[in-house]
Amino acid sequence: MDNYNAIVSECLIKDESKSGKLDNLKFAIKDNISTKGVKTTGSSKILENYVPVFNATVIDDIVNAGGEIIAKAALDELGMGGYGTTAATGPVLNPLDTTRVAGGSSAGSAALVASGYVHASLGTDTGDSMRIPASYTGIVGFKPTYGRISRFGVIPYAASLDHVGIFAKDVKTTATILEVIAGYDENDQTSSYKAVEDYASLDASLAGVKVGIIDNVIEHISNEDILTAFNNLMSKLVENDVQVENIQLNQDLFKALPTVYKVLTNAEAFSNHSNLNGVPFGNRQPGDNLNEIMLETRTKGLGYQVRARHLVGAYALMEENYEGIYQKSKKVRRLIVEDLNDQLAKVDFLIAPSASRIAPKQDEDFYASSTYADNYMVMDNFSGHPGIVLPLGKSDGMPFGLYVSSKAFNEKQLLTLSNLIQEIVGEI
Ligand code: GLN
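Structure report, in brief.

Calculation criteria
- Residues numbered from 1 in each chain as written.
- Predicted model: local features only at pLDDT ≥ 70, side-chain atom pairs only at ≥ 80, totals over all residues.
- Heavy atoms only, no water.
- Helix = DSSP H or I, 4+ residues; strand = E, 2+ residues; numbered from the N terminus.
- Buried < 20%, exposed > 50% of the residue type's maximum accessible area, 1.4 Å probe, protein only.
- Contact = heavy atoms within 4.5 Å.
- Areas by Shrake-Rupley, 256 points an atom, 1.4 Å probe, with all protein chains shown as cover.
- Lys, Arg positive; Asp, Glu negative; His and termini not counted.
- Charge placed at Lys NZ, Arg CZ, Asp CG, Glu CD.
- Polar contact = N/O pair within 3.5 Å; in protein donor to acceptor, adjacent residues only side chain to side chain.
- Axes fitted to C-alpha atoms, helices over the stretch in contact; angles between N-to-C directions.
- Parallel < 35°, antiparallel > 145°, perpendicular 65-115°, else oblique.
- Left-handed = near helix turned anticlockwise from the far one by under 90°.
- Nonpolar A, V, L, I, M, F, W, Y, C, P; charged D, E, K, R; others polar.
- Pairing = 2+ DSSP bridges.
- Near = heavy atom within 4 Å.
- Phe/Tyr/Trp six-rings, centres within 6.5 Å; stacked < 30°, edge-to-face > 60°.
- Expected span 1.5 Å × (residues − 1).
- Core = buried A, V, L, I, M, F, W, Y, C linked by side-chain atoms within 4.5 Å.

What follows covers the overall build of the protein. Scanning the protein from N- to C-terminus turns up 12 helices and 13 strands. Taking the principal axes of its C-alpha atoms as reference, the protein extends roughly 70 × 55 × 45 Å. Looking at the protein residue by residue over its 428 residues, the buried ones come to 60%. A sequence separation of at least 24 residues applies to 76% of the contacts in the protein between residues at least 6 apart. Counting only carbon and sulfur atoms, one obtains 49% of the accessible surface of the protein, whose full area is about 16,500 Å². Side chains of the protein give 37 positive and 52 negative charges; the mean places of these two sets differ by 2 Å.

Structure (structure tokens):
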């Protein structure tokens, strides 16, 4: 398998007449982001021959700033997965140890940066799909505030939680790309009018900032290498005049994160994916009538994980379950966000290890060994807060990461602190 099975198709999207902040940067793009004239499959069989007639806004932004796109990267089918194992083109391998997963769903985008095939890539993050792959492959994975980067032309998983994000090896490159692709887009009604800042100058003031260690996450981590590296970093932050304290999220709400996530994402997916029926576009199966065509198309064109999740979503949306499951989950989401906002009124940043473990083996039961510390970053998709994962250290020769998040639209300060952390940690 070439290139860790991370590439769905090679391409060359570049405009020789353009030059700017992204000159000389080669990109890979997650294959759920539309590229005009270049197949965009969502790593799903149903879209294996789908060629968009338009670019996602972020693609135009990259090209107009001198960037060059050379690959479309594999993902867990339609973004539904955490390990990079469900793409129609087969499992993505971790470039640092091919017996291990790269993390998902933005598996290919992360693997291609980690292996050095490209300088940077775009992914999407609905739960933690930028940040887990960054953690497992030892790179920077950044998800901005909801509305900061246009999602026009992105195949949705769950629209109220979907974000476009950036992978690179360092914070500076990440911030440079953010400057280019952030901003209002008239084609995306959820994009923000807020001015784009000079993120890449990385010179926001950190005077007096407070960082809150999320104790709820630490409680679920037993890997000594992770705990030691994390504690060492906290001491170094204190030496650098950053105030560090411990915070506790509401334990019931913290433990509700995976369940609420499951209900809301899958309910939204069931609705968002209703056009994947072979009628307007995509692979169509034959049938005697419309219903038969759609049933056959979806049965043959969508993989097991997608069909299973659609079932969960449909169940939550059934008339008899709507109040008790779907609406109730929305209410709990609101409580989770209020709890986070309460914490972020006391501290400027939240911080914790990004996961309890290094990348699992391809053949291990990774769902069984997953803990609350492996699923909590979804809280930023509920709240829309920006979040980043940075390389923190190594255990058994494999990388593990650090999570930092902040208030909405506080990207500049978050990236400035992240850059300081990257300087402190150094090469892992
Ligand atoms: N692990 C999450 C899931 O399986 C993340 C998905 C995402 O962010 N796209 O749903």
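Let's pick the thread back up.
As a further point, take the environment of Gly-108. Tracing the sequence through the fold places Gly-108 in helix α2 (residues 107-114). Separated by 13 residues in sequence, Gly-108 and Ser-121 have C-alpha atoms that sit 9.2 Å apart. With near-sequence residues (within four places) excluded, Gly-108 lies in contact with Ala-6, Ala-73, Ala-74 and Val-92.

A separate point is the side chain of Thr-40. Mapped onto the elements, Thr-40 comes out in the loop between β2 (26-30) and α1 (57-64). By relative accessible area, which is 0% here, Thr-40 ends up buried. Within the structure, Thr-40 has its side chain in polar contact with the side chain of Thr-35 (distance 3.1 Å). A distance of 3.1 Å separates a polar side-chain atom of Thr-40 from the backbone oxygen of Val-38.

Turning to the packing of helix α4 (residues 171-181) against helix α12 (residues 411-425), a few remarks are in order. Two elements in contact, α4 and α12, have axes whose closest approach is 9 Å; the angle formed by their N-to-C orientations is 160 degrees. Judged on the interaxial angle alone, α12 and α4 are roughly antiparallel. Regarding α4 and α12, the two cross each other, and that crossing is left-handed. Here Val-171, Ala-175 and Leu-178 of α4 come into contact with α12, specifically with Glu-411, Leu-415, Ser-418, Asn-419 and Gln-422. Partitioned by chemical class, the residues of the contact of α4 with α12 number four nonpolar, three polar and one charged.

As a further point, take the pairing of strand β9 (residues 210-214). On a regular strand, one side chain projects to one face of the sheet and the next to the other, so that they alternate. Across the five residues that make up β9, a large majority, four, are buried. The pairing of β9 with strand β11 (residues 349-353) spans three bridges and is classified as parallel. Residue pairing in the sheet places Gly-212 in a bridge with Leu-350 of β11.

On to the site of the ligand. In the region of the ligand, the neighbouring residues are Gly-79, Gly-81, Gly-82, Ser-105, Asp-125, Thr-126, Gly-127, Asp-128, Ser-129, Tyr-157, Tyr-261 and Arg-309. Gly-81 is positioned such that a nitrogen or oxygen atom in its backbone is 3.3 Å from an oxygen atom of the ligand. Between the ligand and Arg-309, the relevant distance is 2.8 Å, taken from an oxygen atom to a side-chain nitrogen or oxygen of the residue. For the ligand, the accessible surface in isolation is 290 Å², of which the surrounding protein chains cover 91%. Its residues assigned to classes, the shell around the ligand shows two nonpolar, seven polar and three charged.

Residue placement: Val-332 occurs in helix α10 (residues 319-346). In this structure the C-alpha to C-alpha distance between Val-332 and Leu-253, which are 79 residues apart in sequence, comes to 7.5 Å.

The way to describe two aromatic rings as a pair is by their centre distance and the angle between their planes. Using the criterion set out here, one finds 10 aromatic pairs in the structure. Taking 3.9 Å as the distance between ring centres and 20 degrees as the angle between the ring planes, the aromatic pair formed by Tyr-83 and Phe-366 counts as stacked. With Tyr-83 in the loop between β3 (68-73) and β4 (93-94) and Phe-366 in the loop between β11 and α11 (379-383), the pair connects residues that are 283 residues apart, well separated along the chain. The exposure class assigned to Tyr-83 is buried, which follows from its relative accessible area of 8%.

Next up on the list: the pairing of strand β6 (residues 120-125). In terms of burial, β6 is largely enclosed, as six of its six residues are buried. Burial of β6 is two-sided: the residues Ala-120, Leu-122 and Thr-124 facing one way and the residues Ser-121, Gly-123 and Asp-125 facing the other way are all buried. One ladder, built from three bridges, connects β2 with β6; its direction is parallel. Directly across from Ile-29, in β6, lies its bridge partner Leu-122. Bridging between β6 and strand β8 (residues 163-168) involves six bridges; their strand directions are antiparallel. Paired with Ala-120 across the strands is Ala-168, a residue of β8.

What follows concerns the sheet that holds β11. Judged by pairing direction, the sheet is mixed, and its 11 strands sit side by side in the order β1-β3-β2-β6-β8-β7-β12-β13-β11-β9-β10 without closing on themselves. Only two strands of the sheet have a single partner each, and these edge strands are β1 (7-13) and β10 (243-247). Looking at each pair of strands side by side, their axes are set apart by 25 degrees on average, direction ignored. Summarising the sheet, strand β7 (residues 140-143) and β8 pair through three bridges and their orientation is antiparallel. From the neighbouring strand, Gly-141 faces β8, where its bridge partner is Phe-167. Where α2 meets the sheet, it contacts β1, β2, β3, β6 and β8, and its direction lies at approximately 155 degrees from that of β6.

A few words on α12. An ideal rise of 1.5 Å per residue puts 21 Å on 15 residues; α12 measures up with 20 Å between its terminal C-alpha atoms. Judged by how many residues are buried, α12 sits mostly within the fold: 12 of 15 residues are covered. Among all positions in α12, only Glu-411, Lys-412, Gln-413, Leu-414, Leu-415, Thr-416, Leu-417, Ser-418, Asn-419, Leu-420, Ile-421 and Gln-422 are buried. Phi for Gly-426, located one or two positions after α12, is positive at around 70 degrees.

What tends to happen in soluble globular proteins is that the nonpolar side chains get buried as a cluster. Residues Ile-214, Ile-351, Tyr-376, Phe-382, Val-404 and Leu-417 are the most contacted members of the largest nonpolar core, which totals 133 residues. Top contributing element to this core by residue count: helix α7 (residues 251-272), with nine residues. Residues contacting Val-404, with those up to four places away along its chain left out, are Phe-349, Leu-350, Ile-351, Pro-386, Gly-387, Ile-388, Leu-390, Leu-414, Leu-417 and Ile-421.

The values reported here are purely geometric and, on their own, carry no functional implication.
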